[in-house]
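# Structural description and commentary
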Amino acid sequence: MPVSYDLILIDKINRMRVVAYSIKSTEKEPLAIANRKKHEITLISNSLCAETVFYAEGKDAVVVFTDDDVSANVIHKLADLGIKYIATRSIDSSHIDHKEASSHNIKIASVPPWALSGIPENELPMALASQTINNLDKWEGRKCLGEACICSRSCDQHHKEVNIKSDRDDK
């Protein structure tokens, strides 16, 4: 039995701890289904701002939406709390201060546009939830997020590929 206990202990250690801000009632079930009880996700209806950043204490990542305040001030506070990842449940990441996140080595991910291509409106919550959880899964596994990655020097795998292509282009 100690072997299974160790496996359970390891599984709990490797789970990402996440707080998802601005969750609407229509997003709860899709996120729960997509998550498959893998990550410890706290869902709250409050939007992220300087006054609600404290919900991220003890978490690895935050999940946000376009109405959330992900300004330099808020990112600085998130970094002070130990946040390493910001995932947005949208294809747009312009609401996130990329420069400030990069300065704190916080990785950012969005939903790539192709993930929503041809999806009927009633299926959008599940598509957004699936891609958001997929991003968390990849971060947890230390894998490149590909087109979902909004990085600035933060994804070695992606940048190695870019550098290899650049080196080939020079020759």
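The next subject is the confidence of the model for the protein chain. Scored by pLDDT, the protein chain has a mean of 80; 74% of the residues are at 70 or more. Mean pLDDT per element in the protein chain: helix H6 (residues 156–170) is the minimum at 38, and helix H3 (residues 72–80) is the maximum at 97. This model gives residues 1–12 a pLDDT under 50, and the stretch forms one contact once residues within four places in sequence are excluded.

Of the two faces of strand S3 (residues 61–64), both are covered, the one formed by Ala 61 and Val 63 as well as the one formed by Val 62 and Val 64. Relative to S3, strand S1 (residues 17–20) runs parallel, the two sharing three bridges. Residue pairing for S3: Val 18 is matched across the bridge by Ala 61. Sheet topology places S3 next to strand S4 (residues 85–88); four bridges connect them, and they run parallel. Residue pairing across strands places Val 64 opposite Thr 88, the latter belonging to S4. Running through H3, the crossover from S3 to the neighbouring parallel element S4 is right-handed.

Turning our eyes to something else, we now look at the sheet that holds strand S2 (residues 40–43). As summarised here, the arrangement of the five strands in space is S2-S1-S3-S4-S5, forming an open sheet in which the pairing is parallel. The open sheet is flanked by S2 and strand S5 (107–109), the only strands paired with a single partner. Between one strand axis and the next, the sheet turns through 20° on average, direction left out of account. Helix-sheet contacts for helix H5 (residues 124–140) involve S1, S2, S3, S4 and S5, and the interaxial angle to S4 is about 160°.

How each quantity is defined
Numbering of residues begins from 1 in every chain and follows the order in which that chain's sequence is written. Per-residue local features are limited, in this predicted model, to residues with pLDDT of at least 70; the limit for side-chain atom pairs, both in listing and counting, is 80 or more; totals at the level of whole chains, interfaces and linings are taken over all residues. Hydrogens and waters are ignored; side-chain quantities use all the structure's heavy atoms. The predictor attaches a confidence to each residue, called pLDDT, with possible values from 0 through 100. Labels follow the DSSP assignment, with helices taken as runs of H or I lasting at least four residues and strands as runs of E lasting at least two, numbered in each case from the N terminus. Contacts: residue pairs with any heavy atoms within 4.5 Å of one another. A simple rule labels every residue: compare its accessible area, found with a 1.4 Å probe on the protein chains alone, to the largest value its type can have, and call it buried under 20%, exposed over 50%, or partly exposed in between. Paired strands are those between which DSSP finds at least two bridges. Here the term right-handed applies to a crossover when the path leading from its first strand over the helix to its second strand runs clockwise, the strands being oriented away from the viewer. Throughout, an axis means a line fitted to C-alpha atoms (over the contacting stretch in the case of helices), and angles, computed between N-to-C directions, take values from 0 to 180 degrees.

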